[in-house]
Amino acid sequence: MSCQTPIQTPNTKRPLRLLAVASGGGHWVQMLRLRPAFDGADLHFATVDASAATMVAPAPVHIYPDANKDAPLRLIRMALRLGVIVLRVRPDVVVSTGAAGGLLAILFARAMGARTMFIDSIANAERLSLSARLSRHVAHRVLSQWPTVAAASRTEFCGAVI
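An account of the accompanying structure is given in this report. (Residues numbered from 1 in each chain as written. Predicted model: local features only at pLDDT ≥ 70, side-chain atom pairs only at ≥ 80, totals over all residues. Heavy atoms only, no water.)

Here's the deal with the environment of L103
Residue position: L103 is located in helix α4 (residues 100-111). According to the relative accessible area criterion, L103 is buried, its value standing at 15%. Remark: the alpha-carbon pair of L103 and V138, spanning 35 residues in sequence, is separated by 8.4 Å. Among all residues touching L103, those that are not within four sequence positions of it are F118, S131, L134 and S135. (Helix = DSSP H or I, 4+ residues; strand = E, 2+ residues; numbered from the N terminus. Buried < 20%, exposed > 50% of the residue type's maximum accessible area, 1.4 Å probe, protein only. Contact = heavy atoms within 4.5 Å.)

Focus: the nonpolar core
Soluble, globular proteins show a tendency: their nonpolar side chains are buried together. With 26 residues, the main nonpolar core has L19, V21, Y64, M78, L82, I85 and V94 as its most contacted residues. At the level of elements, β1 (17-22), α3 (72-89) and α4 are the ones that each hand at least two residues to this core. In terms of residue count, α3 provides more of this core than any other element does, six residues in total. L82 has contacts with Y64, G101, L104, A105 and F108, leaving out every residue within four places of it along the chain. If you look at the next biggest cluster of nonpolar residues, it comprises 18 residues, including A22, L43, I119 and L143. (Core = buried A, V, L, I, M, F, W, Y, C linked by side-chain atoms within 4.5 Å.)

Structural measurements only, silent on function.
This is the structure in structure tokens:
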């Protein structure tokens, strides 16, 4: 699939419903930089920081608890909350810039028939993040922002967000 190939929209008259999932920090900053690419979509965000809502208003923001592989109980809470978010939003497409929450949202959305894309962080200049590596088995598309990393990891390179 080339970088120019768009994610197909559903055959309905309503706008494409897109769920953009990113944890805090750099993942969130990169998602904000992608926002213009989502113009025209019924855009929803999911993140770990409730204060992010002011940055993307009037788009709805759904909050999930932050967690990682080192906090298994919090990871379970995160998964449950993201499952509820995906069920409520019913996205046509899920795009994530990471990390664990993005992988989980992609997993749930894919099971519901949504198209999915994981864009690994620009900070991962030598190898894919764990979430991106796992996303290769679930997401329709996984992109690296480094051409050498993309070539070595059998993912796509379509440029960098930053």
